[in-house]
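Structural description and commentary
In case you want the letters, here they are:
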Amino acid sequence: MIIKISKWLCLILPLLLALGASAQLRSDTLNIKDNATFQFNEHLYYYQTPDKLSVKEVSKLININSFKKLYPDHAINAGVTNSYYWLSFTLKNEQKADDTFYFQLHQPWLHLAQLYLQTDTGYVLVGQSGMKLNFNARPYTHYDIVFPIKLRSQSHGTFLALIDNKGSSLNILPTLMDSDSFRAEEKKEYLFLGVLTGIMIFSILINIFLYLSLKEKIHLIYAQYVLAMLYWMYCNVALDFQYLYPNQPFLATISEYIAASLGFITMTNLITAFLDVTVENSRFKRSMDVLKYFFFIFPVAGFMIHYWFDNSAALKVAYEYALISVAFILSILFYLVAIEKIFQKVKLAWFYLIGGGFIGFGILKYCIYLLGGSLNSGAQSLPNDIQIGLVIEAIIIFIGIVYRYNLYKNDKEQILLKFNLQQKETLQQIVTAQEDERKRIAQDLHDDLGSTLITLLLHISNLPDSQDQKNKESQAHYQKSIDIGHKAISDLRSISHNLLPKDFTELGIFHILRNKIDELKVISNIRFTLITEGNDQDIGNIFSITIYRIINELINNTLKHSQASLATIQLLLTNDEIIVMLEDNGIGGSTTAFTEGIGMKNVRSRTDFLHGKINIDDSTEGTSIIIEIPLENTAKATAHED
């Protein structure tokens, strides 16, 4: 009797356990009474298996309680996985009206996802989606994996979902929303992606324009980087699959590897150009370059693996780990380079550390997330850290580029200022050397040749009387020799005076000019008038001599070409500038020969040396020449002499 009872128990017990488990799972039903937020994870079960099972085999596993409840977790962060995942949930629409609910996985790049509905004859496929299928084959045209579930009022349904991402990273956040909530969320997500796309395209266009205008390579590098990151963002949410190649699943499968590689290559180029990173000034430059070249290899390797070794999950896993690890290390190097540049007093490094830090931090968290960490579960919803970082970085780095121009402008101005100062010092040295040489020549003429001429004149004058001297012709010849000697001495004195007026430093330019005008009144038919104003002791000796040379050239031009009867010279020293004016009532046109001759070249070169400007008004009623010289240059000249 006991044996018979034991046999019956052995037969009935598994059935009771199965019925109990089934009743428990069925009783854990999400009852939808209104459109409030659904606590979907509290009613969701999952099962992990390394084998590819049929839906019939999996349905049996439900009955023996092999599925685990997702709660209290919200997401499945498996990292790079070598397993298949099955999800199970039961819904009941207790609303008065029929409704459609949207089951979303929040991982657009899944290889394959299939949804099955339990019927009286077993589980039947109601929809499938993923990167292995054409985009138009999806049950709902959305960049993400979304399954619409229609439930009539007071009806229920039990569902199984296959998640196949074997050989790649699996990080899903299963959610369930009613129609209104899903539509609102969908609209917000596409609006955000549209705004982000607009910002990035605008940044690309403006940097291309700046590159074409300014020929600065940094703008082209930045435009390439933003374009690569825009493509990466599209691939990250499978928008490239939706809009660019919806009928090319294979290309969509490897596009994320291509986009990630382009992103890190251009990111490395940007930080290198933006912060002027070289082997000489950065200990991390070689490491960055080595890791950058890995990203030239990754797209090719990804293509080969997915084309020829698509069934090798182990090879795919190794590839994923290699790509994520290199990306992780390179992102850390970006931080280290920025910090290194800050210690090197490079101000632009702060812009990169702040702007690039947001997206860099997002990439680091994303790498941890892909490796199975729970640090960034929010990456499955939009906007995620990388996308927010893209917006912040685009703004801050562009501000940094503008600031970079400001730094370069200041540096250029400092270099130009130093160059101008050196140039002016060189010119002052040249002028000083010229004046010293003039002084030496004047002294030599006056002391040596002048003495010789005077001695010769005395010698001629003291010739002894002779019979020949009594001859009138001889007497006239003798007198002419004396006159020539006097003229030679007079010319010598004039030349010496022009080379360097006597006691110029002690007397000042005003006194020297008055003496010059007094001499002109005696030897010239033109009546010169001199007007002076200010204190000529406020300007340096070299400066005064240079102005004197300018005025002397103007006077010579008037004497030679103007045919004037009156001429006025004005030298005005104000608080801001020095004004030299010469006006005559000549025939006009006198400046033509002067402009083309050596005299005007000397005037212009000396005026340029003093940073002045010349205005000439030449008419038939006379000529007017005005030279304006900034007074600040006199102070510099005086300081230089001191």
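Bear in mind the structure is a predicted one, so any value in this text is a computation, not a measurement. (Residues numbered from 1 in each chain as written. Predicted model: local features only at pLDDT ≥ 70, side-chain atom pairs only at ≥ 80, totals over all residues. Heavy atoms only, no water.)

Considering the overall build of the protein
To keep things clear, this is the line we draw: Put simply, DSSP marks the helices as runs of H or I at least four residues long and the strands as runs of E at least two long, and each gets a number from the N terminus on. Here's how the labels work: a residue is buried when its accessible area is under 20% of the maximum for its type, exposed when over 50%, partly exposed in between, all with a 1.4 Å probe on protein chains only. Any pair of residues with heavy atoms lying within 4.5 Å of one another is described as a contacting pair. For the area figures, the Shrake-Rupley method with a 1.4 Å probe applies, and any residue is considered shielded solely by the protein chains shown.
Of the regular secondary structure elements, the protein holds 17 helices and 17 strands. In the protein, which comprises 642 residues, the share counted as buried stands at 47%. Summarising the internal contacts of the protein: among those between residues at least 6 apart in sequence, 75% fall at separations of at least 24. Within the structure as shown, the protein displays about 33400 Å² of accessible surface, and the carbon and sulfur contribution to it stands at 58%.

Points about the environment of Asn 535
Take Asn 535: it is sitting in the loop between strand S13 (527-533) and helix H14 (541-562). In sequence terms Asn 535 and Leu 573 are 38 residues apart; their C-alpha atoms lie 6.8 Å from each other.

Regarding the sheet that holds strand S12 (residues 175-178)
We apply this condition: A pair of strands is considered paired only if DSSP assigns at least 2 bridges between the two. In this description, a line fitted to the C-alpha atoms serves as the axis of each element, helices being fitted only across the stretch in contact, and the angle between N-to-C directions of two axes falls anywhere from 0 to 180 degrees.
Read across the sheet, three strands follow the order S9-S6-S12 without closing on themselves; strand pairing throughout is antiparallel. A strand with exactly one partner marks an edge of an open sheet, and here the two such strands are strand S9 (146-151) and S12. When strand polarity is set aside, the average angle formed by the axes of neighbouring strands in this sheet is 25°. One ladder, built from six bridges, connects strand S6 (residues 99-104) with S9; its direction is antiparallel. Within S9, the position partnered with Phe 101 by the bridge is Ile 149.

What to know about the nonpolar core
Under the convention used in this document: For this analysis, a nonpolar core means a set of buried residues of the types Ala, Val, Leu, Ile, Met, Phe, Trp, Tyr and Cys, connected via side-chain atoms within 4.5 Å.
Grouped together as the largest cluster of nonpolar side chains are 59 residues, with contacts concentrated most on Tyr 222, Leu 275, Phe 295, Leu 330, Phe 334 and Tyr 352. Those elements that provide at least two residues to this core are helix H3 (179-214), helix H4 (217-236), helix H5 (239-243), helix H6 (249-274), helix H7 (285-308), helix H8 (313-343), helix H9 (348-370) and helix H10 (385-461). In terms of nonpolar packing, the next biggest core, distinct from the first, is built from 32 residues, Ile 517, Ile 539, Ile 547 and Ile 550 among them.

Structural notes on the packing of aromatic side chains
A ring pair, where both rings are aromatic, is described by two values, the distance of the centres and the angle of the planes. To keep it simple, the criterion reads: Within 6.5 Å between ring centres, the rings of Phe, Tyr and Trp (the latter by its six-membered ring) count as paired, and their orientation is classed by plane angle as stacked under 30 degrees, edge-to-face over 60, tilted in between.
Enumeration according to the criterion identifies 26 aromatic pairs in this entry. Ring geometry for Phe 298 versus Tyr 319: centroids 5.9 Å apart, planes at 80°, classification edge-to-face. One end of the pair, Phe 298, is in helix H7; the other, Tyr 319, is in helix H8, and 21 residues separate them in sequence. Both residues of the pair, Phe 298 and Tyr 319, count as buried. Ring pairing ties together the aromatic residues Trp 232, Tyr 257, Phe 264, Phe 294, Phe 295, Phe 298 and Tyr 319, which thus form one cluster.

Remarks on the packing of H3 against H4
Between two packed helices, the angle of one axis relative to the other and the distance separating the axes together describe the packing. Formally: Here is the rule for angles: anything less than 35 degrees is roughly parallel, anything more than 145 is roughly antiparallel, 65 through 115 is roughly perpendicular, and the remaining ranges are oblique. Crossing handedness: left-handed means the near helix sits turned counterclockwise from the far one by under a right angle, and right-handed means the same turn made clockwise. Here the nonpolar group is Ala, Val, Leu, Ile, Met, Phe, Trp, Tyr, Cys and Pro; Asp, Glu, Lys and Arg are the charged ones; every other residue, Gly included, is treated as polar.
It is the contact of H3 with H4, at a shortest axis distance of 8 Å, that shows an interaxial angle of 160°. Taken together, H3 and H4 sit at an angle that is classed as roughly antiparallel. Viewed along their axes, H3 and H4 form a crossing whose handedness is left-handed. Facing H3, whose interface residues are Leu 193, Leu 196, Thr 197, Met 200, Ile 201, Ser 203, Ile 204, Asn 207, Ile 208, Leu 210, Tyr 211 and Leu 214, H4 presents Lys 217, His 219, Leu 220, Tyr 222, Ala 223, Val 226, Leu 227, Met 229, Leu 230, Met 233 and Tyr 234. A class-by-class count of the residues in the contact of H3 with H4 yields 18 nonpolar, four polar and one charged.

Considerations on the pairing of strand S11 (residues 169-172)
Side chains of S11 alternate between two faces, with Ser 169 and Asn 171 and Leu 170 and Ile 172 buried alike. As judged from the four bridges shared by strand S4 (residues 76-80) and S11, these two strands associate in the antiparallel manner. Bridging from a neighbouring strand, Ile 76 pairs with Ile 172 of S11.

Details of the sheet that holds strand S17 (residues 622-630)
One open sheet holds the five strands; their spatial order is S13-S14-S15-S17-S16, and the pairing between them is mixed. The sheet is open, and its two edges are formed by S13 and strand S16 (613-619), each paired on a single side. Each strand of the sheet is rotated relative to its neighbour by a mean of 10°, with strand direction disregarded. By the bridge criterion, seven bridges tie S13 to strand S14 (residues 566-573) in an arrangement that is parallel. If you follow Ile 531 over to S14, its bridge partner there is Gln 570. Each of S13 and S14 is contacted by helix H13 (residues 509-523), which is oriented at about 170° to S13, the strand it contacts most. Strands in contact with H14 are S13, S14, strand S15 (577-584) and S17; relative to S15, the strand with the most contacts, it is inclined by about 10°.

Points about the confidence of the model for the protein
Do not read the fine detail of predicted coordinates wherever pLDDT is low. Inclusion rule: Confidence per residue, as judged by the predictor, is encoded in pLDDT with a range of 0 to 100.
A residue-level look at the protein finds 72% of positions with pLDDT of 70 or above and a mean pLDDT of 79. Contacts of residues 1-25 to residues separated by more than four positions or lying in other chains number 11 contacts, the stretch itself having pLDDT below 50. Predicted confidence for residues 375-379 stays below pLDDT 50, and this span has 11 contacts to residues more than four positions away or in other chains.

Structural notes on the pattern of salt bridges
This is how the line gets drawn: The term salt bridge refers to a pairing of a side-chain nitrogen on Lys or Arg with a carboxyl oxygen on Asp or Glu at a separation within 4 Å.
Across all of its chains, the model carries seven salt bridges by this definition. Between Lys 69 and Asp 28 there is a salt bridge whose closest N-O contact spans 3.4 Å. Of this pair, Lys 69 sits in strand S3 (residues 68-69) while Asp 28 sits in the loop between helix H1 (2-27) and strand S1 (30-32), and the two are 41 residues apart along the sequence. With a shortest N-O distance of 3.9 Å, Glu 186 and Arg 183 are connected by a salt bridge. Of this pair, Glu 186 and Arg 183 both sit in helix H3, three residues apart, which is roughly one turn of that helix. For Glu 186, a relative accessible area of 13% corresponds to the buried category.

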